[in-house]
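# Structure assessment
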Amino acid sequence: MEKNFRPHPNSFKNTFCVFDEIDIEAISNLKIQYDSKSGSKYYYTKAGMYRLSNHWGRLANSKWRLEPLEPETDSKFKLGYASWQSFYPDNAVEELYYLEVNYNKNTVNYQHKNNPTYDKKAILRTSFETTKRIKQVRNLLNLTSWAKYFDYDDIDVLRKKIITDLVFTSKTLEEIKKQFI
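Predicted model, so just to flag it, every value in this text is computed and none were measured. (Residues numbered from 1 in each chain as written. Predicted model: local features only at pLDDT ≥ 70, side-chain atom pairs only at ≥ 80, totals over all residues. Heavy atoms only, no water.)

### Topic: unusual backbone geometry
Between Glu70 and Pro71 the backbone carries a cis peptide bond, its omega angle lying at -5°. You will see that Asn106, though not glycine, has its phi angle at about 60°, which is positive. Inspection of the secondary structure assignment puts Asn106 in the loop between β9 (97–102) and β10 (107–112). Here Lys120, not a glycine, exhibits a phi torsion of approximately 65°, which is positive. Relative to the helices and strands, Lys120 resides in the loop between β10 and α1 (127–142). Since its relative accessible area comes to 66%, Lys120 is described here as exposed. (Helix = DSSP H or I, 4+ residues; strand = E, 2+ residues; numbered from the N terminus. Buried < 20%, exposed > 50% of the residue type's maximum accessible area, 1.4 Å probe, protein only.)

If you want it as structure tokens, here you go:
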């Protein structure tokens, strides 16, 4: 009988990872290897981890995000999968994160500098600085009240210029806005 693969319990402390949501059928032949107090269930393989949970984001001392299926499922419990290579180190002092903006979906997320798709153009920031920038970008994406002081023809063009500077420069939001007044 094949022995279950099980990583060391501390392997996931202070990590960042993006899981991809997958169909629940993927774990039909797997046994639960860890059942957390909060109700999340973990299934380990030699290639990666499956996590069935109703909560994602900050988990104790880690940041794990779920990229949802398209179209999104209605289920509260979602199954995510991540390969072992997708777990990156996290801490509060290093500049580890950059922002990605999806204008079609009107969303912003942070990614880790070790992500193989990072092109080294977006500015890297600490967790705290990244969180602050995400809030600013979300406000710019979802609100219009900030634009009443600007002379513009198309708010979407102005919005994109300001957000681009927030992602690709170290300028403060105030410095960026002054350019467009």
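### Observations concerning the packing of aromatic side chains
The full count for this structure, using the stated rule, is 19 aromatic pairs. When the centroid spacing of 5.9 Å and the interplanar angle of 70° are considered together, the rings of Trp146 and Phe150 count as edge-to-face. Given a relative accessible area of 10%, Trp146 falls into the buried group. Through a chain of ring-to-ring contacts, three or more aromatic side chains come together here, namely Phe12, Phe19, Tyr34, Tyr42, Tyr44, Trp56, Trp64, Trp84 and Phe87. (Phe/Tyr/Trp six-rings, centres within 6.5 Å; stacked < 30°, edge-to-face > 60°.)

### A closer look at α1
The terminal C-alpha atoms of α1 lie 22 Å apart, and with 16 residues this matches the ideal 22 Å at 1.5 Å per residue to within 8%. Those residues of α1 that sit buried are Ser127, Thr130, Arg133, Ile134, Gln136, Val137, Leu140 and Leu141. On the buried face of α1, the contacting elements are β6 (62–67), β9, β10, α2 (155–168) and α3 (173–179). (Expected span 1.5 Å × (residues − 1). Contact = heavy atoms within 4.5 Å.)

### Quick word on the pattern of salt bridges
If you walk through the whole model with that rule in mind, you get five salt bridges. Between Lys63 and Asp90 there is a salt bridge, and its shortest N-O distance comes to 2.8 Å. Of this pair, Lys63 sits in strand β6 while Asp90 sits in the loop between β8 (88–89) and β9, and the two are 27 residues apart along the sequence. Asp90 gets classed as buried once you look at its relative accessible area, which sits at 9%. (Salt bridge = Lys/Arg side-chain N within 4 Å of Asp/Glu carboxyl O.)

### Concerning α2
Between its first and last C-alpha atoms α2 spans 20 Å; for 14 residues at 1.5 Å apiece the expected length is 20 Å, and the two agree. Buried within α2 we find Ile155, Leu158, Arg159, Ile162, Ile163, Asp165, Leu166 and Val167. Where the residues of α2 are buried, they touch β9, α1 and α3. Its side-chain oxygen 2.9 Å from the backbone nitrogen of Asp156, Asp154 forms the N-cap of α2. (Polar contact = N/O pair within 3.5 Å; in protein donor to acceptor, adjacent residues only side chain to side chain.)

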